[in-house]
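Breakdown of the fold
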Amino acid sequence: MVHLLAGAVPVPYPSYLNPGDNTWQIVAATFVGLMSLPGLAVLYASIVQKKWAVNVLAMMFAGFSLVLVCWVLWSYKMGFGSTSLGGGVHNGVQTQLSGVGWFKHFFENFVGKPGQITNAANETTQAVSAANTVIPFHFPTTTLAYFQFVFAAITPLLFMGSVLGRIKFSAWCLLVPLWSTFVYAIDAFLLWGGGYFAQEGALDFSGGFVIHMSAGVSGFVAAWVLGPRLLRDRQHAIPNNLVMAAVGAGILWLGWNGFNGGDPYYAGASASAAVVNTNLATAVGVLVWMGMDAWLTKGKKPTFLGGVNGMICGLVGITPCAGWVNGWGAIAVGAICAAIVWVAWNYLSKVRPFSKVDDALGVVYTHGIAGFVGGMLLGVFGDPNMLEYGCGHLNSAGQVIGTSAAAYATSTKTCVPFSVSGLMYTGSAHQLWEQFRAAIWVILWSAIITFVLLKLIGLVLRGLRYRDEVLEVGDLAIHDEEAFPEATFAERIGTLSMAGAPASGALASRRESEAPPGPAGT
């Protein structure tokens with residue numbers, strides 16, 4: 001029996017906070033952060049030519065940092081704030097569920113009101129957002145904000161793979177905060193933050209549309225605007241370290257447990273199902289791609305990088321539907337996405353406009369197409385028995401009490417368990433239609449705004465890409481660093497660092513002869 005003391009005593013947290021939910025959300029966010037640093041950074045830096053490895057790492061760390069600063073100062077509230085600019089969402093409540101024309105409905109539920117979350121009130125009070133209007137959050141704003149930040153951060157880092165080998169570092173540092181503000185935050189609010197498409201019924205479990213399809217489209221447009229890499233770089237695009245690429249890919253795969261497992265916002269059965277389905281779809285994607293390489297290519301050989309592509313297709317494809325399909329659905333999603341992207345990679349890439357755009361790492365295929373296909377397949381394989389939220393009872397602090405498994409899955413007059421009903425189970429294509437509408441918006445908005453931003457940045461910097469003589473050298477010309485310095489370079493650094501000892505004549509001459517031309521400006 002619990003006895004309330006007559007006077008208040010120190011406690012570690014208020015009653016709205018559930019330690020299990022809060023802990024899992026922070027751990028899941030850390031997993032997703034590790035997908036970017038070091039996972040994606042190591043993967044990308046290892047599959048490019050060695051002369052671009054440092055450039056990849058520098059842009060990864062800079063991009064991650066830029067998004068975080070923007071996120072806490074204004075863009076978190078644009079994507080997940082409790083009130084929209086038009087007032088369609090107010091204090092976490094959707095106010096226009098009926099009786100409003102589509103034009104007014106759309107623009108008054110378009111984006112959240114910008115604002116900072118750096119003061120004590122914002123950092124320590126209970127999270128409130130129209131992202132979840134049914135169950136009160138069991139953690140503070142900082143937990144939700146950091147969890148959503150790592151998603152916001154990885155998105156531009158993904159499409160960085162399209163523009164490697166020519167974009168100025170300064171252009172990248174301008175593009176990331178602008179793109180995160182005007183593309184990502186708006187799409188996030190529309191689909192996740194309780195905005196227009198969320199209210200219309202479009203769904204995206206963890207970012208098939210908001211993250212992956214948007215990254216694929218934006219990367220493709222950016223690659224088109226920038227123009228191709230040097231011909232020699234395109235003809236000799238040889239990975240510099242496949243072993244380290246495997247390390248990066250492995251971190252990406254297992255980090256996805258937090259990516260999809262954290263999106264129910266609670267440490268419940270839906271989170272567990274999302275984790276298993278994520279891994280299942282990914283394993284199938286790997287096997288399908290490697291099998292198609294072995295059976296359908298001229299060389300008839302399975303390749304490791306092909307397996308990585310299949311892994312990414314499975315991960316991306318299951319992302320929009322991870323907790324809403326069952327295991328069979330996850331297998332189907334992984335297989336279908338990997339097969340479709342394999343065909344696109346090998347054949348669509350030879351057709352205009354794909355053949356005319358140098359998407360360096362094929363982001364438009366493994367993220368853009370896979371994200372679109374996965375999002376649409378939710379409308380087919382969504383299982384009404386895969387409950388994300390059920391029915392039961394909450395106490396005054398918002399914690400679950402007195403709820404059996406049977407009651408959780410049973411509808412009442414005041415509650416209907418939440419799940420997704422796909423075409424395969426209901427015969428209705430309604431969810432497919434809502435998915436398609438949202439996908440078209442994300443494609444068009446991402447493409448148009450990315451194009452406009454790049455043109456503006458190009459005007460400011462007098463060009464988006466380095467001169468060809470800088471691109472010939474790569475990292476040394478841009479960052480004065482090498483990922484894999486030759487012994488002579490290491491000796492040169494060691495000699496020059498010795499207690500004021502000058503370089504020898506021959507060494508100094510070599511230093512001068514090896515000096516690359518200065519960059520066009522970063």
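None of these values were measured; they are calculated from a predicted model.

In terms of regular secondary structure, the protein is built from 21 helices and four strands. In terms of C-alpha radius of gyration, the protein reaches 25 Å, essentially the compact-globule figure of 24 Å for 522 residues. For the protein, buried positions account for 53% of its 522 residues. The long-range fraction of contacts in the protein, counting pairs at least 24 apart against all pairs at least 6 apart in sequence, stands at 80%. For the protein, the accessible surface area stands at approximately 22200 Å², while carbon and sulfur atoms represent 67% of it. Looking at charge distribution, the protein has the averaged site of its 25 positive side-chain charges lying 8 Å from that of its 25 negative ones.

With that settled, consider helix α5 (residues 141–163). Look at α5: 34 Å from first C-alpha to last across 23 residues, which is about the 33 Å you get at 1.5 Å a residue. Burial analysis of α5 places 21 of its 23 residues in the buried class, which makes it a mostly covered element. Where α5 ends, the next residue or the one after it, Gly165, has phi of about 85°, a positive value.

This brings us to the state of the cysteines. Taken as a whole, this structure holds one disulfide when the rule is applied. The residue that forms a disulfide with Cys391 is Cys415, at a sulfur-sulfur distance of 2.0 Å. Residues Cys391 and Cys415 are joined by a disulfide whose S-S torsion is about -90°; by sign, that bridge is left-handed. Taken together, the positions of Cys391 in the loop between α14 (363–381) and β3 (393–394) and Cys415 in the loop between α15 (405–408) and α16 (423–426) put the pair 24 residues apart, joining distant regions of the chain.

By the element assignment, Pro384 lies in the loop between α14 and β3. Separated by 42 residues in the primary sequence, Pro384 and Thr426 place their C-alpha atoms 8.9 Å from one another. In this structure, Pro384 is in contact with Ser419, Val420, Ser421 and Tyr425, ignoring residues within four places of it in sequence.

Helix packing for two helices is described by the angle between their axes and how far apart those axes are. Interaxial distance between helix α10 (residues 242–261) and helix α12 (residues 304–318) falls to 11 Å at its minimum, and their mutual angle equals 10°. The angle between α10 and α12 places the two elements in the roughly parallel class. α12 is crossed by α10, and the crossing has left-handed handedness. Counted together, Leu242, Ala245, Ala246, Ala249, Leu252, Trp253, Trp256 and Asn260 of α10 and Phe304, Leu305, Val308, Met311, Leu315, Val316 and Ile318 of α12 form the full contact between these two elements. When the residues that make up the contact of α10 with α12 are grouped by side-chain class, the tally is 14 nonpolar, one polar and no charged.

Turning to its location among the elements, Thr412 is positioned in the loop between α15 and α16. When its relative accessible area of 43% is taken as the criterion, Thr412 is described as partly exposed. Through-space distance from the C-alpha of Thr412 to that of Cys391 is 7.8 Å; in sequence the pair is 21 residues apart.

Turning next to the packing of helix α1 (residues 19–47) against α10. At a closest axis distance of 7 Å, the pairing of α1 and α10 adopts a crossing angle of 155°. Relative to α10, the element α1 is oriented roughly antiparallel. Viewed along their axes, α1 and α10 form a crossing whose handedness is left-handed. Split by residue class, the contact of α1 with α10 holds 18 nonpolar, seven polar and no charged.

Turning our attention to unusual backbone geometry. With an omega of 15°, the peptide bond between Leu37 and Pro38 qualifies as cis. Topologically, Pro38 is positioned in helix α1. With an omega of -5°, the peptide bond running from Arg352 to Pro353 counts as cis. The topology assignment puts Pro353 in the loop between α13 (327–346) and α14.

Ranked by size, the top nonpolar core spans 139 residues in total, and within it Tyr44 and Tyr184 carry the most contacts. The contacts of Tyr184, once residues within four sequence positions are left out, are Trp71, Gln148, Phe151, Ala152, Thr155, Trp179, Trp192, Val210 and Ile211.

Take Gln148: it is sitting in helix α5. On the basis of relative accessible area, Gln148 is assigned to the buried category, the value being 1%.

We now examine the packing of aromatic side chains. Inspection of the entire model under this criterion finds 39 aromatic pairs. With a centroid separation of 6.2 Å and 20° between ring planes, the pair formed by Tyr76 and Phe80 is classed as stacked. Here Tyr76 and its partner Phe80 are both found in helix α2 (residues 53–80), four residues apart, which amounts to about one turn of the helix. With respect to class, Tyr76 is no different from Phe80; both count as buried. Geometrically, the ring pair formed by Trp289 and Trp345 is edge-to-face, given 6.0 Å between the ring centres and 80° between the ring planes. You can see Trp289 sitting in helix α11 (residues 269–296) and its partner Trp345 sitting in helix α13, a full 56 residues away along the chain. Under the relative-accessibility criterion, Trp289 is labelled buried at 2%. Aromatic ring contacts, followed pair by pair, group Trp71, Tyr76, Phe80, Phe137, Phe139, Phe147, Phe151, Tyr184, Trp192, Trp256, Phe259 and Tyr265 into a single cluster.

Once that is clear, we can look at the confidence of the model for the protein. Mean pLDDT for the protein: 91, with 91% of residues reaching 70 or above. Note on residues 498–522: pLDDT is under 50 here. Beyond four places in sequence and across chains, it has 38 contacts.

This model, assessed by the stated rule, comprises seven salt bridges. Across the pair Arg437 and Glu200 runs a salt bridge whose closest N-O atoms are separated by 3.3 Å. Residue Arg437 is found in helix α17 (residues 430–461), and its partner Glu200 is found in helix α7 (residues 196–200); the two are separated by 237 residues along the sequence. By relative accessible area, which is 22% here, Arg437 ends up partly exposed. Where Glu434 meets Arg437, a salt bridge forms, and the shortest distance between an N and an O atom there is 3.0 Å. Taken together, the residues Glu434 and Arg437, both in helix α17 and three residues apart, mark about one turn of the helix.

How each quantity is defined
- Residues numbered from 1 in each chain as written.
- Predicted model: local features only at pLDDT ≥ 70, side-chain atom pairs only at ≥ 80, totals over all residues.
- Heavy atoms only, no water.
- Helix = DSSP H or I, 4+ residues; strand = E, 2+ residues; numbered from the N terminus.
- Rg over C-alpha atoms; globule rule 2.2 N^0.38 Å.
- Buried < 20%, exposed > 50% of the residue type's maximum accessible area, 1.4 Å probe, protein only.
- Contact = heavy atoms within 4.5 Å.
- Areas by Shrake-Rupley, 256 points an atom, 1.4 Å probe, with all protein chains shown as cover.
- Lys, Arg positive; Asp, Glu negative; His and termini not counted.
- Charge placed at Lys NZ, Arg CZ, Asp CG, Glu CD.
- Expected span 1.5 Å × (residues − 1).
- Disulfide = S-S within 2.5 Å.
- Axes fitted to C-alpha atoms, helices over the stretch in contact; angles between N-to-C directions.
- Parallel < 35°, antiparallel > 145°, perpendicular 65-115°, else oblique.
- Left-handed = near helix turned anticlockwise from the far one by under 90°.
- Nonpolar A, V, L, I, M, F, W, Y, C, P; charged D, E, K, R; others polar.
- Core = buried A, V, L, I, M, F, W, Y, C linked by side-chain atoms within 4.5 Å.
- Phe/Tyr/Trp six-rings, centres within 6.5 Å; stacked < 30°, edge-to-face > 60°.
- pLDDT = per-residue confidence, 0-100.
- Salt bridge = Lys/Arg side-chain N within 4 Å of Asp/Glu carboxyl O.

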